[in-house]
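Architecture at a glance
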2 protein chains.
Amino acid sequence: MSDIDDYGDDLFGDAPEPVSVAILGSTGSIGTQALEVVRAHPDRFKVTALTAHSDGDTLLAQAKEFDVPLLGLTAGGMEAPAGTTLVDGSMASAEVAEAAEASVVLNAVVGAAGLQATLATLRAGKTLALANKESLVAAGELVMAKAGPGQIRPVDSEHSALWQLLHSIAPDQVRRALVTGSGGPFRGRTREDLGNVDVQQALAHPVWAMGPKITVDSSTLMNKGLEVIEAHFLFGFTYDEIDVVIHPQGTVHALVETVDGAVFVHAAPPDMRLPIQLALAWPDRLGAPGGKRLDWATLGTLTFEPPDTDTFRCLALAYQAARLGDTYPAVLNAANEVAVGAFLDGRLAYLGIPDVVERVLDAHEPIAPSLEGVLEVDAWARGQASAIIATRGPSRPRIDPGSGATR
Amino acid sequence: MSDIDDYGDDLFGDAPEPVSVAILGSTGSIGTQALEVVRAHPDRFKVTALTAHSDGDTLLAQAKEFDVPLLGLTAGGMEAPAGTTLVDGSMASAEVAEAAEASVVLNAVVGAAGLQATLATLRAGKTLALANKESLVAAGELVMAKAGPGQIRPVDSEHSALWQLLHSIAPDQVRRALVTGSGGPFRGRTREDLGNVDVQQALAHPVWAMGPKITVDSSTLMNKGLEVIEAHFLFGFTYDEIDVVIHPQGTVHALVETVDGAVFVHAAPPDMRLPIQLALAWPDRLGAPGGKRLDWATLGTLTFEPPDTDTFRCLALAYQAARLGDTYPAVLNAANEVAVGAFLDGRLAYLGIPDVVERVLDAHEPIAPSLEGVLEVDAWARGQASAIIATRGPSRPRIDPGSGATR
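Residues numbered from 1 in each chain as written. Chains lettered and ligands numbered in written order. Predicted model: local features only at pLDDT ≥ 70, side-chain atom pairs only at ≥ 80, totals over all residues. Heavy atoms only, no water.

Scanning chain A from N- to C-terminus turns up 14 helices and twelve strands. Computed over C-alpha atoms, the radius of gyration of chain A comes to 21 Å, within 12% of the 22 Å expected from 2.2 N^0.38 for 407 residues, which places it in the range of a compact globule. Across its three principal axes, chain A shows a C-alpha extent of roughly 65 × 55 × 40 Å. A total of 407 residues make up chain A; the buried ones form 61% of that total. (Helix = DSSP H or I, 4+ residues; strand = E, 2+ residues; numbered from the N terminus. Rg over C-alpha atoms; globule rule 2.2 N^0.38 Å. Buried < 20%, exposed > 50% of the residue type's maximum accessible area, 1.4 Å probe, protein only.)

Structure, rendered in structure tokens:
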């Protein structure tokens with residue numbers, strides 16, 4: 001049935017009914033890997049809706065291959081193929097999430113744009129396979145308040161790992177959790193070394209092949225910061241209970257320590273298809289994607305070290321915003337999205353990313369995080385970040401934080 | 001309440017009724033550590049019975065400290081203190097296991113002598129905290145046939161780890177398990193290097209402080225072999241599904257791989273009080289023994305490598321006996337006990353241990369493993385091993401296996 005691995009569905013006896021799946025952000029890295037999972041297990045999944053931002057050609061090809069009746073294209077400008085319904089406009093993903101005949105909605109939209117789709121999925125009573133961590137960073141209280149028990153299945157590899165580990169441990173027995181990070185391409189470098197980093201260097205991730213935004217976030221360790229906030233909301237950890245540990249081999253994804261000193265560890269080949277298929281097929285486990293397995297006997301060496309938050313200031317900024325709470329995490333995320341976008345476009349130096357985020361956070365007056373409040377703050381933070389970047393330019397040296405937060 | 005750790009029982013709200021515990025083999029390494037656990041959590045446990053082999057003085061001191069009404073001394077030759085009942089003779093541990101007012105019986109007897117106590121505990125409907133792995137090696141089918149669901153709680157650190165990990169994974173999702181071993185004091189040595197190993201060298205274990213018999217077994221890797229057989233019976237793995245991996249740091253104790261390639265890992269400080277207290281208090285987790293915790297951020301390096309079964313032949317012999325089944329594992333265990341005893345007494349060279357075990361296995365004619373059969377085979381194997389050792393002497397070079405199995 002599947003030639004992508006050697007442990008096919010026949011392990012599971014009679015095949016269950018296929019799971020109906022909507023994939024939001026289907027042309028991105030997570031979206032295309034989700035479709036690989038569907039392709040490898042055609043009897044297990046039925047794709048009922050797909051959305052993309054602007055890559056209409058890929059979306060149409062996917063729709064044709066998987067015979068998908070409902071499509072969304074945020075950027076618009078495309079005709080619906082015969083026999084399909086096409087939604088366009090900025091709310092396309094949210095509208096498709098709501099309308100799709102799907103029991104599971106995979107939200108793989110990039111950035112805070114995924115928040116409305118997250119809320120629409122939960123409102124519609126569908127299971128949310130959540131790859132869009134920014135939904136939780138920007139509006140964690142709101143999202144979790146609307147989520148029923150088990151309604152959210154994390155897709156981030158670290159959160160999928162925590163989710164799997166925490167299933168077997170009583171909440172009052174958990175002392176703390178750790179998420180690992182590879183440390184990215186600049187692990188071991190000093191701040192001085194990073195002055196001239198270019199886009200190509202930042203996109204050369206040593207372990208994971210991912211989209212450009214998250215790859216830059218991985219290189220700055222902002223991604224770990226966002227993950228800490230995501231873990232806080234998903235699992236109820238305080239920020240003192242979640243640590244980050246640098247583990248360059250990318251084999252271990254998360255750890256949970258219990259009150260007696262035992263530590264439960266989740267390891268897996270670094271392949272996003274694994275958490276994706278688990279979120280789609282849960283509680284079933286399908287075969288190993290690509291037949292990939294860890295060989296512990298010859299694995300050699302696993303190393304663990306603390307993160308360098310002096311060099312990788314984004315992680316410290318994320319903890320700071322997280323602890324401040326309210327709309328600070330939304331500001332952190334929005335400012336970071338704009339700063340990373342500017343870096344990718346050549347409009348901001350690499351070390352400008354934390355500087356911009358810090359200045360926007362410093363200027364923020366927090367409000368209670370209602371949906372309207374979050375959207376307003378998100379827009380404000382993007383405007384602030386853009387203005388700072390415009391006045392600063394791509395190669396301007398870092399402004400001393402002592403000089404204040406005004407622009 | 002407890003000064004042995006900084007996470008006392010108050011974590012658990014109202015204290016539950018104390019668990020009544022009988023400790024068989026209370027003067028040995030596991031037994032004394034079990035009493036440390038009781039000492040650290042006096043409101044959680046009540047010791048109702050203790051047994052020892054020959055160390056009557058220590059047994060009496062323990063009985064006095066913990067106010068224990070029922071005692072057993074296998075070797076006999078002691079008077080019962082006022083207000084206590086004393087059982088003696090070779091069946092003392094089994095009789096105490098049956099008679100004790102205990103909900104949990106910790107079987108920490110060393111060697112196949114613990115089998116009768118294991119069976120008596122199960123027959124009496126009590127929960128068995130099993131540190132005596134030889135019960136399962138010698139008579140795994142018998143023991144498991146008499147055990148109800150959840151009636152056996154493993155105490156070996158690797159099996160406690162597997163037990164904890166497997167609670168959260170559906171059996172049909174498990175692909176294989178790995179138990180780790182430190183590799184012992186002779187890791188990295190060649191067979192030639194081990195010709196002149198003396199008792200002191202074999203007892204210098206790099207990670208665990210344990211009794212002499214298990215410490216020698218750790219140095220030969222026979223202990224891992226016995227653990228593989230124990231895991232087979234406890235958890236139903238085939239021998240192709242259980243591997244041994246050498247992990248010198250002693251931090252990771254066991255791993256379970258699921259069908260999708262995920263690996264669940266159990267790590268903990270190497271302290272036997274942790275699996276002991278978990279087996280006694282399950283499903284509760286008490287505070288970390290001695291306040292010991294792993295610090296992952298500064299843990300540095302964990303290494304994993306395959307075992308060298310050419311140098312450490314005992315592991316290969318154990319797999320061989322395990323796969324042959326029937327009474328072969330009982331023979332393996334009995335021959336090994338005699339050989340290790342002879343090595344500790346200076347009557348057998350270190351490399352003679354696998355030679356003796358191999359020759360007794362070769363000479364064995366298997367029978368169906370009834371209790372009588374196992375006891376008979378056990379006695380036969382001990383006689384064979386003793387005779388081989390007597391004719392061979394402490395420094396006789398290894399006999400080429402090609403020369404046959406007759407003595």
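Residues and elements named next belong to chain B. If you trace the seven strands from one edge of the open sheet to the other, you get β4-β3-β2-β1-β5-β6-β7, paired in parallel fashion. Edge positions in the sheet fall to β4 (85–88) and β7 (152–154), since each of these pairs with one other strand and no more. The mean inter-strand angle of the sheet, taken between neighbouring strand axes irrespective of direction, is 20 degrees. Sheet topology note: the strand β5 (residues 104–107)/strand β6 (residues 127–130) ladder contains four bridges and is parallel. Counterpart to Val105 in the pairing with β6 is Leu128. (Pairing = 2+ DSSP bridges. Axes fitted to C-alpha atoms, helices over the stretch in contact; angles between N-to-C directions.)

Attention shifts here to the packing of aromatic side chains. Residue and element names in this part refer to chain A. Per the counting criterion, the structure on display carries eight aromatic pairs over all chains. For the pair Phe186 and Tyr350, a centre-to-centre distance of 5.2 Å together with 80 degrees between the ring planes defines the contact as edge-to-face. Of the two residues, Phe186 sits in the loop between β8 (174–181) and α7 (199–202) while Tyr350 sits in the loop between α12 (328–344) and α13 (352–363), which places them 164 residues apart along the sequence. Considered together, Phe186 and Tyr350 belong to a single accessibility category, that of buried residues. (Phe/Tyr/Trp six-rings, centres within 6.5 Å; stacked < 30°, edge-to-face > 60°.)

Residue and element names in this part refer to chain A. In this structure, the amide linkage connecting Trp282 to the following residue, Pro283, adopts the cis form with an omega of 10 degrees. Residue position: Pro283 is located in the loop between α10 (273–281) and β12 (300–304). Notably, Asp67 is not glycine yet its phi reads approximately 55 degrees, a positive angle. Along the chain, Asp67 falls in the loop between α2 (56–66) and β3 (70–73). Overall, the relative accessible area of 57% leaves Asp67 in the exposed class. Its identity is not glycine, yet Asp326 carries a phi of approximately 45 degrees, on the positive side.

Before going further, it helps to examine the interface of chain A and chain B. With 49 residues of chain A at the contact, the number on the chain B side is 49 residues. Taken over both partners, the interface formed by chain A and chain B buries close to 3900 Å², and the fraction arising from carbon and sulfur atoms is 56%. Considering only the side of chain A, the residues that lose the most area to chain B are A:Asp260, A:Arg285 and A:Trp296, jointly responsible for 19% of the buried surface there. Where chain A packs against chain B, one counts four salt bridges. Between B:Glu257 and A:Arg293 there is a salt bridge, with its nearest N and O atoms 2.7 Å apart. At the junction of chain A and chain B, the tally comes to 18 residue pairs in polar contact (both at pLDDT 80 or more). Looking at the side of chain A that touches chain B, the elements with two or more residues in it are α6 (157–166), β8, β10 (252–258), β11 (263–267), α10 and β12 of chain A. Taken together, the residues of the side of chain A that touches chain B sort by class into 28 nonpolar, eleven polar and ten charged. Bridging between β12(A) and strand β12 (residues 300–304) of chain B involves five bridges; their strand directions are antiparallel. (Contact = heavy atoms within 4.5 Å. Buried area = accessible area lost by both parts, 1.4 Å probe. Salt bridge = Lys/Arg side-chain N within 4 Å of Asp/Glu carboxyl O. Polar contact = N/O pair within 3.5 Å; in protein donor to acceptor, adjacent residues only side chain to side chain. Nonpolar A, V, L, I, M, F, W, Y, C, P; charged D, E, K, R; others polar.)

Before going further, it helps to spend a moment on the environment of B:Gly184. Residue and element names in this part refer to chain B. By the secondary structure assignment, Gly184 is in the loop between β8 (174–181) and α7 (199–202). Taking the C-alpha atoms as reference points, Gly184 and Trp208, separated by 24 residues in sequence, lie 9.2 Å from one another. Leave out the neighbours within four places in its chain, and Gly184 touches His205, Pro206 and Ser218.

This part takes up the pattern of salt bridges. All names here are of chain A. Across all of its chains, the model carries 52 salt bridges over all chains by this definition. A salt bridge links Asp355 to Arg191; the shortest N-O distance between them is 4.0 Å. Of the two residues, Asp355 is situated in helix α13 and Arg191 in the loop between β8 and α7; the sequence distance between them amounts to 164 residues.

Here we come to the relation of the copies chain A and chain B. Superposing chain A onto chain B takes a rotation of 180 degrees plus a shift of 0.0 Å along the axis, which leaves an RMSD of 0.0 Å. Expressed as an axis order, the relation between the two copies is that of a two-fold axis. Residue by residue, 100% of the interface of chain A is reproduced at the interface of chain B, so both copies engage with the same surface. (Least-squares fit on C-alpha atoms with pLDDT ≥ 70 in both.)

All names here are of chain B. A large share of strand β10 (residues 252–258) lies buried, amounting to seven of its seven residues. Taken together, the five bridges between β8 and β10 define a ladder with antiparallel strand orientation. If you follow Ala177 over to β10, its bridge partner there is Val256. One ladder, built from five bridges, connects β10 with strand β11 (residues 263–267); its direction is antiparallel.

This part is about the nonpolar core. In terms of nonpolar packing, the biggest core is built from 156 residues, with A:Leu332, A:Tyr350, A:Ile353, B:Leu332, B:Tyr350 and B:Ile353 touching the most fellow members. For B:Leu332, the residues in contact, after removing those within four places along its chain, are B:Met222, B:Leu226, B:Ile229, B:Leu317, B:Ala318, B:Ala321, B:Val357 and B:Leu361. (Core = buried A, V, L, I, M, F, W, Y, C linked by side-chain atoms within 4.5 Å.)

With that out of the way, let us pick up α6(A). Where burial is concerned, most of α6(A) is hidden: ten out of the ten residues are buried. Looking only at α6(A), the buried set comprises A:Ser157, A:Glu158, A:His159, A:Ser160, A:Ala161, A:Leu162, A:Trp163, A:Gln164, A:Leu165 and A:Leu166.

All names here are of chain A. Reading across from one edge, β4-β3-β2-β1-β5-β6-β7 is the order of the seven strands in this open sheet, with parallel pairing throughout. In this open sheet, the two strands that pair with only one neighbour each are β4 (85–88) and β7 (152–154). Here the strands of the sheet are splayed against their neighbours by 20 degrees on average, with no regard to which way each runs. Bridge analysis of strand β1 (residues 19–24) against strand β5 (residues 104–107) gives four bridges, and the strand direction is parallel.

Residues and elements named next belong to chain A. With their axes 9 Å apart at the nearest point, helix α1 (residues 29–40) and α10 run at an angle of 65 degrees to one another. If you check the angle between α1 and α10, you find them roughly perpendicular. Crossing of α1 over α10 shows right-handed handedness. On the side of α1, the interface is formed by Ile30, Gln33, Ala34, Glu36 and Val37, while α10 contributes Arg273, Ile276 and Gln277. Partitioning the contact of α1 with α10 into residue classes produces four nonpolar, two polar and two charged. (Parallel < 35°, antiparallel > 145°, perpendicular 65-115°, else oblique. Left-handed = near helix turned anticlockwise from the far one by under 90°.)

A few words on helix α12 (residues 328–344) of chain B. Residues spaced three or four apart along an α-helix point in a common direction, a consequence of the helix completing one turn every 3.6 residues. For α12(B), built from 17 residues, the straight-helix expectation of 24 Å at 1.5 Å per residue is met to within 8% by its first-to-last C-alpha distance of 24 Å. B:Gly346 sits one or two residues past α12(B) and shows a positive phi near 80 degrees. (Expected span 1.5 Å × (residues − 1).)

Purely spatial values, then, with no claim about function.
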